[in-house]
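# A closer look at the structure
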Amino acid sequence: MGKTTAEKIFASHLVDEPFAGTKVLRIDVVMCHEITTPIAIADLMERGKDRVFDGSHIKAVIDHVTPSKDSKTATQAKILRDWAHRHAIKDFFDVGANGVCHALFPEKGFIHPGYTVIMGDSHTCTHGAFGAFSAGVGTTDLEVGILKGVCAFREPKTIRFNLNGTLQKGVYAKDVILHIIGQIGVNGATDRVMEFRGPVVDAMTMESRMTLCNMAIEAGGTSGICMPDMTTVDFLWEFIRDEYATKEAALAAFSRWRSDDDAEYDKVIDIDISALAPVVTFGYKPDQVKTVGELAGTPIDQVYLGSCTNGRLEDLRIAARILSGKKLAPGVRGILSPATPKIYKDAMNEGLIDIFMDAGFCVTNPTCGACLGMSNGVLADGETCASTTNRNFMGRMGKGGMVHLMSPATSAATAIEGKIADPRKYL
Amino acid sequence: MKTFGGPVLFLDRSDINTDEIIPAKYLTEITKQDLKPYILEDLKLPGFDPKGEKTKAARVIVSRANFGCGSSREHAPWVFEVNGITAVIAESFARIFRQNMFNCGMAAIELPKEQLDLLFSHAGNADAAISIDIEAQTLTASGGGKQKVFTFDISPFDKALVLAGGWVDYADSKY
Ligand code: SF4
């Protein structure tokens, strides 16, 4: 019987099976940020275990609140910075070079097919876009990851989503994943890997695949996974060209991580995407999803474009196309946070930043910022935000605030009208 | 070993998320103790007061499906721990939250819906309490002069973590 990508990765990384059903895996990439890592570092120090298993497998970034906004966040940043220097962690990204972890680390070529990846961050599921098993963990798992390079998992079953048909104009990966979460619910994939397949995924860029996998956790999923293909090779080529003679050779090597045709799935869900319209969330759970038409006209106070879900160049291009020559509706605040310095620079060189600024947007440095209600655009009680982020929980972007999740295109149309608006009329 | 049990806080809703348990703005605290006042601050439920006596007295939480969904923040189990709550009983858990609980040597126990309904029938009793025996995999619910014993499943690994007091020492000695 064949194996799924997740099963292949589990089999190849198995260190121990201390009890039936519990698998301890070797971890290829342990990623760290300044919110969940300092407390792990403090605990390791307290235990007299201030060690790292192998600094070359550890990547660290200050991204959630940066530059620091007060003494507490400055202290968190300092703890991470001092630790990275102490252990000679080469891939450490500080102010000036830092960006949102799940955009920055893939951009640096750190994630390859077949890898195991953990981070003290729930949206670590993003990196499955490369055909990796990539899971968010808590601080204790992170601590053990740093110390020993291992992590224990129950072997997850895989749900295969066959995304058939084609994306219509104005419909993007964000709409697809919101639609899926709306269908299966916020715990529809708990303890499951969400494997995204089919012509819709095959046609997607790596950016779009990352958007898709980013929100697996919003359905409870352990990791999103896409099959590595030539799109994956093309994205990684500048980082792997010394390892492989040709792209075809790289593709052949990566292909062994693809799920076998006769692999067994927990469930197979076929979805025809052709009929999908742009969608928006309306409540405090990411599975509360309606079509943009049903919510059109809902007034908003702020538009937030950024985050690990939709702060990449592709997203900025889509929004800028709609915003070009237009202005924010009166009274509406627009905030753009390009997810990494490279994205920021590329957007500047392409003239996208001009378009946003001419429309009246504030452009912030790359950071998580308002996505988790910590800085750069926190909402006041009773305010409403049209956001390209991934969570609409009560209080997420500020106490008493309401968040409508949507694609960059829908957020751009909404910015122009000051109320939730269908992007298709602007395309 | 930690003892599990005592007065119960009933949270009768599914999908209680980690932002409700401990909002992100408090993630800048460096010590677990500093989190203490903010337990369940953003949770809005009829009759529930995060600063109320019931919350203060609680040692066990009983809730519904998909408890602890959302962020990976281990601050969620920690804010319970520093408030004296070391066990959560629910119909199901989000994976990361459940693992975080066991990694900290705390208990996340799943019961089928019918059994949870029986537990919730105690919610009106001021003296509702639950005691948990991890070794025997039983929990005893009492209140209103009645008592009932339930058995539960726990994976051998999770059980070992609770009994060992957490994952760090376990892993460091073994791998
Ligand atoms: S952008 Fe938002 S969801 Fe993504 S890592 Fe940062 S805080 Fe988390």
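When helices and strands are tallied, chain B shows 7 helices and 7 strands. The order of helices and strands in chain B, counted from the N terminus, is β-α-α-β-α-β-α-β-α-β-β-β-α-α. A globule of 175 residues ought to have a C-alpha radius of gyration of about 16 Å, and chain B, at 15 Å, matches this closely. Viewed in the frame of its principal axes, chain B has a C-alpha envelope of about 45 × 35 × 25 Å. Across the 175 residues that make up chain B, the buried fraction comes to 62%. Partitioning the intrachain contacts of chain B with sequence separation of at least 6 by distance along the chain shows that 64% fall at a separation of at least 24. Charge separation in chain B, taken as the distance between the mean sites of 19 positive and 23 negative side-chain charges, equals 2 Å.

Moving on, we get to the site of the ligand. Residues and elements named next belong to chain A. Within the structure, the ligand sits among 13 residues, and H123, C308, C368, C371 and N390 are positioned closest to it. Mapping the ligand onto the cavity grids shows that it belongs to the largest cavity. Of all the elements in the fold, those that place two or more residues in the shell around the ligand are α4 (101–107) and α12 (307–310). Of the residues contributing to the shell around the ligand, the split by class is 6 nonpolar, 5 polar and 2 charged. In terms of domain composition, the shell around the ligand takes at least three residues from each of domain 1 (1–276) and domain 2 (288–426).

Further remarks concern empty space enclosed by the protein. All names here are of chain A. One pass over the full model with this rule turns up 3 cavities of 30 Å³ or more. Space inside the largest cavity adds up to approximately 250 Å³. Forming the walls of the largest cavity are 23 residues, and the residues nearest its centre are H64, D121, H123, L372 and R396. Where the lining of the largest cavity is concerned, the elements lending two or more residues are α4 and α12. Taken together, the residues of the lining of the largest cavity sort by class into 8 nonpolar, 11 polar and 4 charged. Here the lining of the largest cavity gathers at least three residues from each of two domains, domain 1 (1–276) and domain 2 (288–426).

All names here are of chain A. Read from one edge to the other, the open sheet built from 5 strands follows the order β5-β4-β3-β6-β7, with strand pairing classed as parallel. Since the sheet does not close on itself, it has two edges, and those belong to β5 (92–93) and β7 (133–136), each with one partner. When strand β3 (residues 29–33) meets strand β4 (residues 58–61), the two strands line up parallel, connected through 4 bridges. The residue of β4 that forms the bridge with M31 is K59.

Another point: the side chain of H123 of chain A. All names here are of chain A. Inspection of the secondary structure assignment puts H123 in the loop between β6 (116–119) and β7. A distance of 3.2 Å separates the side chain of H123 from the side chain of N390, its partner in a polar contact. Other than its neighbours up to four places away in sequence, H123 contacts H102, N214, I217, E218, C308, N390 and R391.

The strands that make up a sheet pair up through hydrogen bonds in the backbone, lying either parallel or antiparallel. Residue and element names in this part refer to chain A. With parallel pairing, 4 strands are arranged side by side in an open sheet as β11-β10-β9-β12. The sheet is open, and its two borders are formed by β11 (223–226) and β12 (267–272), each paired with just one other strand. Across the sheet, the mean angle from the axis of one strand to that of its neighbour is 25 degrees, orientation sign disregarded. Of the strand pairs in this sheet, strand β9 (residues 157–164) and strand β10 (residues 192–197) are connected by 6 bridges, and their pairing is parallel. Counterpart to N162 in the pairing with β10 is R197. Docked against the sheet, helix α8 (residues 206–214) engages β9, β10 and β11, running at close to 150 degrees with respect to β11.

So, about the packing of aromatic side chains. Applying the stated criterion across every chain, the model contains 22 aromatic pairs over all chains. On the basis of an interplanar angle of 40 degrees and a centroid distance of 5.9 Å, the ring pair of F105 of chain A and F110 of chain A is categorised as tilted. Classification of F105 of chain A as buried rests on a relative accessible area of 0%. Pairwise contacts between aromatic rings join F19 of chain A together with F157, W167, Y170 and Y175 of chain B into one cluster. We note K59 of chain A situated over the ring of F110 of chain A; from NZ or CZ to the ring centre the distance is 4.2 Å. The ring of F282 of chain A is capped by K290 of chain A, whose NZ or CZ atom sits 4.6 Å from the centre of that ring.

Criteria and thresholds
- Residues numbered from 1 in each chain as written.
- Chains lettered and ligands numbered in written order.
- Predicted model: local features only at pLDDT ≥ 70, side-chain atom pairs only at ≥ 80, totals over all residues.
- Heavy atoms only, no water.
- Helix = DSSP H or I, 4+ residues; strand = E, 2+ residues; numbered from the N terminus.
- Rg over C-alpha atoms; globule rule 2.2 N^0.38 Å.
- Buried < 20%, exposed > 50% of the residue type's maximum accessible area, 1.4 Å probe, protein only.
- Contact = heavy atoms within 4.5 Å.
- Lys, Arg positive; Asp, Glu negative; His and termini not counted.
- Charge placed at Lys NZ, Arg CZ, Asp CG, Glu CD.
- Near = heavy atom within 4 Å.
- 1 Å grid on protein atoms, 1.4 Å probe; cavity = no way out; pocket = protein on both sides within 12 Å on 5 of 7 lines; lining within 4 Å.
- Sits in = over half its atoms within 2 Å of the grid points.
- Nonpolar A, V, L, I, M, F, W, Y, C, P; charged D, E, K, R; others polar.
- Domains from an automatic or database assignment.
- Points joined across faces, edges and corners; volume = space filled by probe spheres on them.
- Pairing = 2+ DSSP bridges.
- Polar contact = N/O pair within 3.5 Å; in protein donor to acceptor, adjacent residues only side chain to side chain.
- Axes fitted to C-alpha atoms, helices over the stretch in contact; angles between N-to-C directions.
- Phe/Tyr/Trp six-rings, centres within 6.5 Å; stacked < 30°, edge-to-face > 60°.
- Lys NZ or Arg CZ within 6 Å of the ring centre and 35° of its normal.

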